[in-house]
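As a plain string of letters, each chain reads:
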Amino acid sequence: MEKQNQQNLFKEVMGNYPTGVTIVTTCDEDGNPFGLTVNSFASVSLDPLLILWSIDHRVSSLNAFKKADGFVVHVLAGDQQKLCQLFASRNTDRFSNCKWSLSSQNLPILEDTFAVLECKTYKQVEAGDHTILIGEVTNITVHEKEPMLYHRRNFGPIPAEFHSVPNK
């Protein structure tokens, strides 16, 4: 039971750590698109431009991401709660329920996100029950929107009060 208590405490701590929200997409070797909602996203390096995210070994799209030469990280906009839920849901044809297109690198790009980072797979690291995927950013697109915030299992736009607090 101690392990379960530690895992529950870990989930509580991580759920209370505010993060942005992303959807990561790729295509398998047959050109079928795959994607999932991810908040385990971070920058790694400026030279070269590297980012990372992690994928649970139980996710049905694991092999598609591990075998892919590249992937796309979409930083969601604050008004994209439905898109976030769509890509977090199970047993749903996600791509038939949203607007997207293929990039010049044949990677699925979702419309209207805050930012898009197209990546070439740089390295994969096995870490416990997840695989950490490191990508070299090859193309960046930013739209004039506000990003989404995830905190305590809730997601949405960054509250206006956040920006009105004076710096001390």
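That block above? That's the structure.
Since we're looking at a predicted model, the values are computed, not measured.

Thresholds applied
- Residues numbered from 1 in each chain as written.
- Predicted model: local features only at pLDDT ≥ 70, side-chain atom pairs only at ≥ 80, totals over all residues.
- Heavy atoms only, no water.
- Phe/Tyr/Trp six-rings, centres within 6.5 Å; stacked < 30°, edge-to-face > 60°.
- Helix = DSSP H or I, 4+ residues; strand = E, 2+ residues; numbered from the N terminus.
- Buried < 20%, exposed > 50% of the residue type's maximum accessible area, 1.4 Å probe, protein only.
- Patch = residues over 30% accessible without salt bridge, like charges linked within 9 Å, V, L, I, M, F, W, Y side chains within 5 Å.
- Areas by Shrake-Rupley, 256 points an atom, 1.4 Å probe, with all protein chains shown as cover.
- Salt bridge = Lys/Arg side-chain N within 4 Å of Asp/Glu carboxyl O.
- Core = buried A, V, L, I, M, F, W, Y, C linked by side-chain atoms within 4.5 Å.
- Contact = heavy atoms within 4.5 Å.
- Polar contact = N/O pair within 3.5 Å; in protein donor to acceptor, adjacent residues only side chain to side chain.
- Pairing = 2+ DSSP bridges.
- Axes fitted to C-alpha atoms, helices over the stretch in contact; angles between N-to-C directions.

K.L.:
What's the story with the packing of aromatic side chains in this structure? I'm lost.
P.N.:
The relation between two aromatic rings is expressed through the spacing of the ring centres and the mutual angle of the planes. On inspection of all chains with the given rule, the structure shows four aromatic pairs. An angle of 70° between the planes, with centres 5.9 Å apart, marks the rings of Trp53 and Phe71 as edge-to-face. Here Phe71 lies in strand β5 (residues 70-75) and Trp53 lies in strand β4 (residues 49-56), a separation of 18 residues in the sequence. Residues Trp53 and Phe71 agree in their burial class; the two are buried. With a centroid separation of 5.1 Å and an interplanar angle of 70°, the aromatic rings of Phe95 and Trp100 are classed as edge-to-face. A connected cluster of aromatic rings, assembled from ring pairs, spans Trp53, Phe65 and Phe71.

K.L.:
Would you mind showing me how to read a nonpolar patch on the surface here?
P.N.:
A cluster of nonpolar side chains, contributed by Phe10, Val13, Met14 and Tyr17, occupies part of the molecular surface with about 460 Å² of accessible area. Structurally, Met14 can be placed in helix α1 (residues 2-15).

K.L.:
Just to check I follow, could you spell out the nonpolar core for this structure?
P.N.:
In globular proteins that are soluble, nonpolar side chains generally tend to be buried together. Ranked by internal contacts, the top residues of the largest apolar core, which has 14 residues, are Val24, Ile51, Trp53, Ile55, Phe65 and Phe71. Elements represented by at least two residues in this core include exactly β2 (33-38), β4, α2 (62-67), β5, β8 (115-127) and β9 (130-142). A per-element tally of this core places β4 first, with three residues. Apart from the residues within four sequence positions on either side, Trp53 is in contact with Val24, Leu36, Val38, Ser40, Phe41, Phe65, Phe71, Thr131, Ile132 and Leu133. Counting residues in hydrophobic clusters, the runner-up holds 12 residues, among them Ile23, Leu76, Leu86 and Phe95.

K.L.:
Even after reading the chapter, I still don't get the environment of Ser54, so can you show me in this structure?
P.N.:
Examined against the element boundaries, Ser54 turns out to sit in strand β4. The spacing of Ser54 and Leu133 is 79 residues in sequence and 5.8 Å in space, taken between C-alpha atoms. When near neighbours in sequence (up to four residues on either side) are disregarded, Ser54 contacts Val38, Ser40, His130, Thr131 and Ile132. A polar contact is formed between the side chain of Ser54 and the side chain of Ser40, at a distance of 3.0 Å.

K.L.:
Explain the pairing of β4 here, please?
P.N.:
The side chains of a regular strand alternate between both faces of the sheet. With six of its eight residues buried, β4 lies for the most part within the structure. Pairing of strand β3 (residues 41-46) with β4, which is carried by five bridges, proceeds in the antiparallel orientation. Bridge pairing in β4 places Ser43 opposite Ile51. Here β4 runs beside β9; their pairing, made up of seven bridges, is antiparallel.

K.L.:
Is there a simple way to explain unusual backbone geometry in this structure?
P.N.:
Across residues other than glycine, the phi torsion is negative in most instances, and most of the peptide bonds are trans. With an omega of 5°, the peptide bond between Asp47 and Pro48 qualifies as cis. If you trace the backbone, Pro48 turns up in the loop between β3 and β4.

K.L.:
How should the pairing of β5 be read in this particular structure?
P.N.:
With six of six residues buried, β5 lies mostly within the body of the structure. Where β5 lies against β8, six bridges are found, and the strand directions are antiparallel. In the strand pairing of β8, Val75 is matched with Ala115.

K.L.:
What should I look at first to understand the sheet that holds β4 in this one?
P.N.:
The pairing of strands in a sheet happens through backbone hydrogen bonds and is either parallel or antiparallel. The strand order across the open sheet built from seven strands is β2-β1-β5-β8-β9-β4-β3, with neighbouring strands paired in antiparallel fashion. Two strands in the sheet have a free side with no partner beyond their single neighbour: β2 and β3. Across the sheet, the axes of successive neighbouring strands diverge by a mean angle of 30°, strand direction being ignored.

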